[in-house]
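Next come the chains, spelled out residue by residue.
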Amino acid sequence: MQEMSDRLLNNKAAASIAWAVLLLPPSTAIFVILSKFSVLHPIQTISECFSMLTSATAIFSFILLCGVIIMVGFLNFEYYTVIPTIACSKIALFGQLLHPRQLVNSLVHCIMGMIVAWCSAVTIGFRYETLGHPCAQTDGYHQMCLNEYHLILLLGGAFVGFSHSLLGVIHNMNYVSFHTVQQYKYLRFKGCLPLVVKCSATQALYSVRNFIVVYYFLGYIPRTWICKTLNLHLGSSAHPLDSIAGLLDLSLLYHLWISATFLLFTWYITLLLFRIFLTEHIHFRLNPTDHQILVLSFPKFQFLALQDLALLSQHSPLRRCEVFSLSQPGGHPHNWNAISKECLSLLADLTQRLVAYHDTVATNGRAKSLSSGSERKTSSETSGTLISQKWLSIPLTAPFTPDLDSPFMSPALRRLAAPVEQGSPWYGTVQSPHIMRRVKNFLAKRVLIVYLFNKLPEASSQALFADSQAHIWALEGLSYLVQASFSEDQFGVVQTTLPSILSCMLVLQEAVDRHFKLPHASSKPVRSTSSMGDSTYKTLRFALRATLKTAIYRITTTFGDHLNAVQLSAEHRKRLQQFLEYKE
Amino acid sequence: MCSLALFPPPLPYGQTTVCESNNELLSGSSTEDQLNLSFPRESLKLHSRTENSSKAAFLDHSETLWMRSAAAWRDGGLTGLLNEITNSHPEVPKWLSMSSGCILALLQWVSSFHGSLFPHLTLSSEDMIAEFSQVSDCVVRAFAWHPHTDKFAVALLDDSIKIYNPKSATTPTLKHRLQRNVAVVQWKPLCASALAVGCQNCLLVWHVDPCSLSTRYVNSGHVQKIEFSSLKKCQKNSLSFTFNAVLNFLVWDVAAESCVPLQRVGGGGVTFLSWSPDGSHVLASTPSALFRVWETRMWTCERWPCIKGRCQSGCWSPDGSRLLFTVQDEAVIYSLTFTNTPGTSKGPHAAVVVADLSETTFSTPDGDIIVGGEIQSLAWDPRGERLAVLLKGDPRAADRSPIIAVFKTRVSPIFELLPCGFVQGEPGAEPRLMQFHPNFRHGALLTVCWSSGRITHVPFYFLSASIPRLGLSGSPTLPHVQERPADFANQSLFTEFIS
């Protein structure tokens, strides 16, 4: 099973990379035309472009570009995830950025950026073509000088590649989300293409701006280094490029921007194709052995299977018929049992997670405040040291994980930060101005730490629902199947599990409702539209809540008063009645 | 083919249609009913619509060029900025004002070119809503029954929305600063609370808690705002760029707030959208002589070019297999059939004319009445047994006022269309909007919004030929229903016989 799923995913990735390579010639041609275009000599531009595209260097650099695209595709495949990693604090984000795996990724992107920049430098030709150029010195004989235009293009490419890799972590660019709307691959690609062009152009603009600032201040370091290692001389050109006059060269800026756009565009296209191919709907065969797929702990594949389940339950009566069928011989509804068991365990898992989180949040406050209160009463004179001990004893790994108890948002800290209230257990104990000053100094020193370790609002909520796409499909699949069973289930196989499905959904509904009453859980995240990063995961919890309600309503509207005959606990029946009366 | 000549003549002046029973439309003088609402125009506090901003109320105040430019950019976008620079030539260098004037002229030229391709884009937003929305001058701008319960939402001319529920005494009023020129309201299916409101610049999704006792929701947290992000900027730039964003077909996932644009070349936007009851197809008509039918599994579309005008209105049969639609400036109803399995069949190659509603003269005791002509909208009852057709009439001719013609229909085994009668209101009141109640137990219930601001309900009592839907609880507690259901039970054969 594992090999099969691996092979399938490998094929998808390979197909996406092949398409990306096939799309390279047209995008390169457009780049060549745009980079060489001059308004005054349009015909000359075209002939130049044509001769350029057929030259040997162009073919060599094209092969290089293909290699880069394949490498980018490979990295996409290696680093992608269907469950986003959500950094719950700033320090966790830094941890992600400095992870060795990520460092390798950044380095490779840096090198590839440089390669693409070299290719574009060769393609643009003109003054960018080579690193060294012969120049006449004052004493008459020729020597090689550094061509700074070439260097700045190369460094620019490296910088853009590096920042692409960094932004990839910050914006979760390796997260692949599944669309609610199914579309054919070509139509999806066509629909996304304007967005890709826009994103690459704007991102290139920002990256080039940042690069120019960096080069202005630090540009002399790589320049002198290159000169020293390659034994080149600094040219006697009018302006060195890390001066304002040198950087105010519009043609240079344009070429920097257009090559950065080209670089990002080809990479984004590769990423887009990869996402489109990966999230494409796969038909799974429905037989009891294949249901092992659902159980696989391999989330990427489990997602595809659940997507298939949600779609088949909604759209194909023939395959639904297979689900409701009985085994021959034996007469057991193996298909339905496997599906319902798997979906219910998924949902129960989420319920458990939510309840555990809620309990931790609730008890966290109470338990900690009680313990700190008692500590204070027994040893009020050593308050400062106690706090510091307490703070230092917190394991540093804690904020790296989306853990459930946040030590830094405990009421103890809040009480420290806020003025002491009357009536609290602290009142009367921490009143000595000396201790207060110590506490304040202590806090001031640790502002940075608090900034780094402080939990980002709603991040823990996002992390809790990070894989909720699976739950959404499970809910949709179950509810559509139950709805269809009303008229299509000849043997009544669904009837037997209806009570457990209903109670599972109602319990989850309660847990979700409770979760949304927590602070930050129901606040809407800011959406960034002009980025290749997918921010679907930020709103997954809202989608889950809506899907859950719709799923219950779908069952109640279909069965109506018949549901009164279903065995349910009194509490669940009361809740279900609310749904039957459309009062939820 | 069915034509108006087969219809019974309209009611004499002063009579209103009360209900259909015993297979004929009964008339009477208008009765007061707890569900019949009236919104006289005078009762609404209308604000003036011509003023877009309160600019005129303030005195001019001289600011630096920089401040003015920033303000112009904020209010009017690029066009505003260029205008500002061009007009303040003593302060800016001559070349700057010259060049911005040139760019402005170029932009206007381009936008006029764009506008000549799609003439509707040159209309202002109010005009556009008036042109393409189903209703314009009526006090009730939009109306929607809840798909599962007996409550309905009414959008009024003063941009407020009221929600009526016969089972509860509270009528929540929804108001929002962005809720202007409401063109459409729609409840979310399989949900008790979500109401989508299509406004001039945005789409608002209200969450009205059915258990809550509060009656006023003003700019509150119960609303989810979907702004067309590109629109907001475009809105300020120039009119011609504005509506591309609105009229492109976007599929929104409201909870996740994500959208997928479905773009196709041609047409120039979407003016009318209708989902089939089973959710398998969507009709999207464009301002040009073209409409599309999307299937919702893979979101592919079929293009249907019309010969004469744009598709005016359309409705689906309950199983989503048949689409009836009308075309602007034509007095016929077309029909298209679809299969539910995508890919296997491409459907029909041409639409079939099923009814001819061209002008017909009826002689009544009050004189000749001409009925027929262009069709404003269609509504099909959820069981597929009654089809209401709102005929536009001619506003200039007194004897040709808008009227609702009702057909009896049958979807299976073969499609049939038979005349039933005309639904008329009080004298002088013209029908503007109509919608069938989504689950009326005793037949079909047509709700009509009249130009006088009244909302009335016309029940059609019949026993359904198809299997009654199960699990649909709660029919309205209409007085008629309580009085009569026993009478109609044994007269069903008669209905069958006639039709």
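Please read all numbers here as calculations on a predicted model, not as lab measurements. (Residues numbered from 1 in each chain as written. Chains lettered and ligands numbered in written order. Predicted model: local features only at pLDDT ≥ 70, side-chain atom pairs only at ≥ 80, totals over all residues. Heavy atoms only, no water.)

1. So, the sheet that holds strand β27 (residues 386–391) of chain B
Two modes of strand pairing occur in sheets, parallel and antiparallel, and in both the strands are linked by backbone hydrogen bonds. Residues and elements named next belong to chain B. On the basis of which strands lie adjacent, the open sheet formed by four strands has the order β26-β27-β28-β29 and antiparallel pairing. Single-partner strands in this sheet number two, and they are β26 (375–380) and β29 (416–423). Neighbour to neighbour, the strand axes of the sheet diverge by 25 degrees on average, direction disregarded. With five bridges connecting them, β26 and β27 associate as antiparallel partners. Bridging across to β27, Leu378 finds its partner in Val389. (Pairing = 2+ DSSP bridges. Helix = DSSP H or I, 4+ residues; strand = E, 2+ residues; numbered from the N terminus. Axes fitted to C-alpha atoms, helices over the stretch in contact; angles between N-to-C directions.)

2. Re a nonpolar patch on the surface
All names here are of chain A. Residues Val213, Val214, Tyr216, Phe217, Leu218, Tyr220, Ile221, Ile244 and Leu248 make up a contiguous nonpolar surface patch of roughly 890 Å² in combined accessible area. At the level of elements, α8 (185–218) and α9 (220–230) are the ones that each hand at least two residues to the nonpolar patch. Here the element with the most residues in the nonpolar patch is α8; it accounts for five residues. Residue placement: Val214 occurs in helix α8. (Patch = residues over 30% accessible without salt bridge, like charges linked within 9 Å, V, L, I, M, F, W, Y side chains within 5 Å. Areas by Shrake-Rupley, 256 points an atom, 1.4 Å probe, with all protein chains shown as cover. Salt bridge = Lys/Arg side-chain N within 4 Å of Asp/Glu carboxyl O.)

3. Focus: the UniProt feature "transmembrane region" (unreviewed entry) in chain A
Residue and element names in this part refer to chain A. The UniProt entry lists residues 53–72, 104–128, 149–170 and 256–278 under the feature "transmembrane region" (unreviewed entry), expressed in the numbering used here. Annotated as 90% helix and 0% strand, the span residues 53–72 places its first and last C-alpha atoms 24 Å apart. Counted over residues 104–128, helix gives 84% and strand 0%. Its end C-alpha atoms are 29 Å apart. (UniProt positions renumbered as here; feature names shortened; annotations may be inferred.)

4. So, the pattern of salt bridges
It is possible for side chains of opposite charge to pair when their charged atoms get near one another. All names here are of chain A. Per the stated rule, a full pass over the model turns up 15 salt bridges over all chains. Salt-bridge contacts for Arg319 lead to Asp308; the nearest nitrogen and oxygen are separated by 2.9 Å. Of this pair, Arg319 sits in helix α14 (residues 317–323) while Asp308 sits in helix α13 (residues 299–315), placing them 11 residues apart in sequence. A single salt-bridge network, built from bridges that share partners, covers Asp349, Arg353 and Asp467.

5. A few points about the confidence of the model for chain B
All names here are of chain B. The predicted model of chain B has a mean per-residue pLDDT of 73, with 69% of residues at 70 or higher. Ignoring residues within four places in sequence, the model shows residues 467–499, a span with pLDDT below 50, making 61 contacts including any to other chains. The ipTM for the predicted assembly is 0.78, set against a pTM of 0.80. (pLDDT = per-residue confidence, 0-100. Contact = heavy atoms within 4.5 Å.)

6. Observations regarding the sheet that holds strand β1 (residues 2–3) of chain B
All names here are of chain B. Across the sheet, which stays open at both edges, the five strands sit in the order β1-β23-β22-β21-β20 with mixed pairing between neighbours. Of all strands in the sheet, those with a lone pairing partner are β1 and β20 (311–316), marking the two edges. The sheet contact formed by β1 and strand β23 (residues 352–356) spans two bridges and is parallel. Within the sheet, the bridge partner assigned to Cys2 lies in β23 and is Ala355.

7. Description of the packing of helix α2 (residues 24–36) of chain A against helix α4 (residues 56–79) of chain A
Residues and elements named next belong to chain A. Across the interface, α2 lies against α4 with an axial gap of 11 Å and an inter-helix angle of 125 degrees. In terms of orientation, α2 lies oblique with respect to α4. Considering only the axes of α2 and α4, their crossing is right-handed. Side by side, α2 and α4 meet where Leu24, Pro25 and Thr28 of the first sit next to Phe62, Leu65, Cys66 and Ile69 of the second. Each residue belonging to the contact of α2 with α4 can be placed in one class, and the counts come to six nonpolar, one polar and no charged. (Parallel < 35°, antiparallel > 145°, perpendicular 65-115°, else oblique. Left-handed = near helix turned anticlockwise from the far one by under 90°. Nonpolar A, V, L, I, M, F, W, Y, C, P; charged D, E, K, R; others polar.)

8. Points about the domain arrangement of chain A
Residue and element names in this part refer to chain A. According to the domain assignment, chain A contains domain 1 (1–279) and domain 2 (293–363 + 458–523 + 532–581). For domain 1 versus domain 2, the distance between C-alpha centres works out to 44 Å. Summing the contributions of domain 1 and of domain 2, the shared interface buries around 2,400 Å²; its carbon and sulfur component is 72%. Run the count over domain 1 and domain 2 and you get zero salt bridges. Put simply, domain 1 and domain 2 have two residue pairs in polar contact (both at pLDDT 80 or more) between them. (Domains from an automatic or database assignment. Buried area = accessible area lost by both parts, 1.4 Å probe. Polar contact = N/O pair within 3.5 Å; in protein donor to acceptor, adjacent residues only side chain to side chain.)

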